[in-house]
Structure formats: C-alpha cells, structure tokens
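Chain by chain, the residues:
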Amino acid sequence: MTASRQLLVFRIINIAALVGLLGVLTGSLDLQIVVGEQPCPLCLLQRSGMIGLAVGPIMNLLWGMRPAHYAVSILAALTGGAASTRQILLHIATPGDPGYGPAVAGFHLYTWAFITFAVGAAGCAVLLLFSGQFNLGDTGVLRRKGPMRIATLTVVVWTFVYLVIIAVTVLPECGLGMCPDDPASNESIKTPVGVFGFLVFVLGSLALGYLLDRLLPSDEDEPAITPIS
Amino acid sequence: MMFSMFVLWIVVFAGISRRARWTIPVAVVTMLWSLVLLKLHMTDPIPLNF
C-alpha cells in the first residue's frame, strides 16, 4: 500500500469514529431537547468524556497523526468511563432501582456510554499498534483542498456546535453551581422540529465545511505527505 | 461548575484551531477537573465511592 493510501485509510477511520461519536451525542441531545429528559450531573460528565474522546481524532485530522492525540482520547474514555461506571453501579447497588432515564435496546444510556468509552479506548489502542501512520510526515488535512478537508471541517464544526449547545443548556439547568441530582423534565419540542433542527446542524456544518475549504489557503504544489527516511 | 468544564473544552477547540502548544495540557486539565466534579457529585453513601 502506498504511503498516501495508508494515510487516507487512517483519516477515514478517524472521521468514521467522529461520526459515530456524533451519533451518540445526537441521541443524547434528542432525549434532552425532543423528549424533554434533562441530563443529570453524571450524564453531563459523560458528555464531557465524549467531547474529549472526539478531540483526539480531530487533532489527528487537523494536525497530523500523532500518538499523543490517541492518548488524549484514551484518557477521555477513562474519565467518561469513570462517570458511566459510577452511574451503573449506583443503580445496581439499590435494589429495585429502575435506573435513570429510558432504556434503549435494553440498556440505559449510561450503559451505552460505558460501551462507547470502552470501544473508543480499545479502538485507539488498536490504532496505536499501526505505528507506520506516524512516520508518514502527516501535517494534517488543512494544507490541501478537497473532499477530505471538507469532510474533516464538517465533522469538526458539527462537534463544536454540539459542544456549544451542551454548554449553553447546562446554564438553565445548573446555573454556575452544582447540578441537581435528579433534574425535572423540561418542555420538549415536537419531533418534526427536532428532526428539522438536526438537519439544519448537519447541513449547516457541511455548508460551513465547504465554505472553509474554499476560503482556507492550501499548498497545491507541495506533496501532501513527505515520508520520513 | 459543570459549565466551566464545557468552557474548558471550548478553550481546547480554540487551541486546536490555533495549533497552540497548550492544547493538550489544557485538555488533560479539563479531564482532571471533570474527575474532581465527579468526586464532588458523589453524595450517595454507597460502598463504591473513591
């Protein structure tokens, strides 16, 4: 396999991982905004872990593949996993406890979050086995126009939009102090509005990614990667 | 306090956009802060605390 093809494979894997994480965050935001179930403090800590898990692939794509970026994701998975584990054990320790929030495919969301963190950490560890990706002289996607840069910028913008939404919605629930352990349900929005909002975020991120690809400079004359001899 | 954790992640994103050297240390600090917040929210006296 050529060096550029190797790099393409790893970049696609990182983008796919980000899309998977965004799917999980979409589900949690859907529960909050469309269904009206407010996130508990442990849920917010798990969302923070998801954001941290996304930071590693984002840095890989924008800055180039580095072991330290996978390390950030693994640490975030451990941190988020600690919150998920705490929440799972809380509900196991109390006999007859129905759990917090609705179950999806038989598991509560904090159990799915734990699975996500475990898969994320294991995935990063597996990718670290392929040390060849760090010898390709990758400096990230920002220097070349094209579909890879558009896809990267789309998922980065999308992740950032979700981060801002989560940060903004924390304020009415918790203020600047501690969050309530069992927040009251909120007014929800109608599902078609929620679906419309989701499409606005995704298509808006894609449009912004495309626009940034047009506006950002690129080094068209230089090779994308310079293998280290 | 939870809000401060997400503000720190926004700062990390700003660092990523600027290729700042402090980005990864701030990300690590954010994760440590989230562990502190996790500990602060351990109000239930179950035998699984740390």
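Look a little higher up for the structure.
Computed from a prediction, not measured in an experiment: that's the story for all the values here. (Residues numbered from 1 in each chain as written. Chains lettered and ligands numbered in written order. Predicted model: local features only at pLDDT ≥ 70, side-chain atom pairs only at ≥ 80, totals over all residues. Heavy atoms only, no water.)

## Quick notes on the overall build of chain B
Okay, so step 1: A count of helices and strands for chain B gives two helices and zero strands.
Okay, so step 2: For chain B, with 50 residues in total, the buried portion stands at 40%.
Okay, so step 3: Taking as baseline every contact in chain B between residues at least 6 positions apart, the subset at least 24 positions apart corresponds to 37%.
Okay, so step 4: Summed over all atoms, the accessible surface of chain B reaches about 2700 Å², with 71% contributed by carbon and sulfur. (Helix = DSSP H or I, 4+ residues; strand = E, 2+ residues; numbered from the N terminus. Buried < 20%, exposed > 50% of the residue type's maximum accessible area, 1.4 Å probe, protein only. Contact = heavy atoms within 4.5 Å. Areas by Shrake-Rupley, 256 points an atom, 1.4 Å probe, with all protein chains shown as cover.)

## A look at the overall build of chain A
Okay, so step 1: Counting its secondary structure elements, chain A contains six helices and two strands.
Okay, so step 2: Reading chain A from its N end, one meets helices and strands in the order α-α-α-β-β-α-α-α.
Okay, so step 3: Taking all 229 residues of chain A together, the buried fraction comes to 45%.
Okay, so step 4: Here the analysis covers contacts within chain A between residues at least 6 apart in sequence; of these, 81% occur between residues at least 24 apart.

## Regarding the interface of chain B and chain A
It is common to give the size of an interface as the accessible area lost on bringing the parts into contact.
Okay, so step 1: Contact residues are listed per partner, giving 30 residues for chain B and 41 residues for chain A.
Okay, so step 2: When the buried surface of chain B facing chain A is broken down by residue, B:Phe3, B:Phe6 and B:Phe13 rank first, second and third, together holding 22% of it.
Okay, so step 3: Where chain B touches chain A, the interface holds zero salt bridges.
Okay, so step 4: Between the two partners, chain B and chain A, sit four residue pairs in polar contact (both at pLDDT 80 or more).
Okay, so step 5: Contributions of two or more residues to the side of chain B that touches chain A are made by helix 1 (2–17) and helix 2 (23–40) of chain B.
Okay, so step 6: Looking at side-chain class alone, the side of chain B that touches chain A contains 22 nonpolar, six polar and two charged residues. (Buried area = accessible area lost by both parts, 1.4 Å probe. Salt bridge = Lys/Arg side-chain N within 4 Å of Asp/Glu carboxyl O. Polar contact = N/O pair within 3.5 Å; in protein donor to acceptor, adjacent residues only side chain to side chain. Nonpolar A, V, L, I, M, F, W, Y, C, P; charged D, E, K, R; others polar.)

## Notes on the packing of aromatic side chains
Residue and element names in this part refer to chain A.
Okay, so step 1: Following the criterion strictly, the structure yields seven aromatic pairs over all chains and no others.
Okay, so step 2: When the centroid spacing of 5.3 Å and the interplanar angle of 75° are considered together, the rings of Phe-107 and Trp-112 count as edge-to-face.
Okay, so step 3: Relative accessible area serves as the criterion here: at 32%, Trp-112 is assigned to the partly exposed category. (Phe/Tyr/Trp six-rings, centres within 6.5 Å; stacked < 30°, edge-to-face > 60°.)

## Regarding the nonpolar core
Okay, so step 1: If you look at the biggest cluster of nonpolar residues, it comprises 53 residues, and the most contacted ones within it are A:Leu45, A:Val55, B:Phe6, B:Trp9 and B:Ile16.
Okay, so step 2: Residue assignment for this core shows that the elements contributing at least two residues are helix 1 (3–35), helix 2 (41–63), helix 3 (67–93), helix 4 (109–129) and helix 5 (147–174) of chain A together with helix 1 and helix 2 of chain B.
Okay, so step 3: Beyond its immediate stretch of four places on either side in the chain, B:Trp9 contacts A:Ser48, A:Ile51, A:Gly52, A:Val55, A:Leu163, B:Ala27, B:Thr30 and B:Met31.
Okay, so step 4: Membership of the second largest hydrophobic core comes to eight residues, among which are A:Phe10, A:Met65, A:Cys124 and A:Leu136. (Core = buried A, V, L, I, M, F, W, Y, C linked by side-chain atoms within 4.5 Å.)

All we've got here are geometric facts, nothing functional implied.
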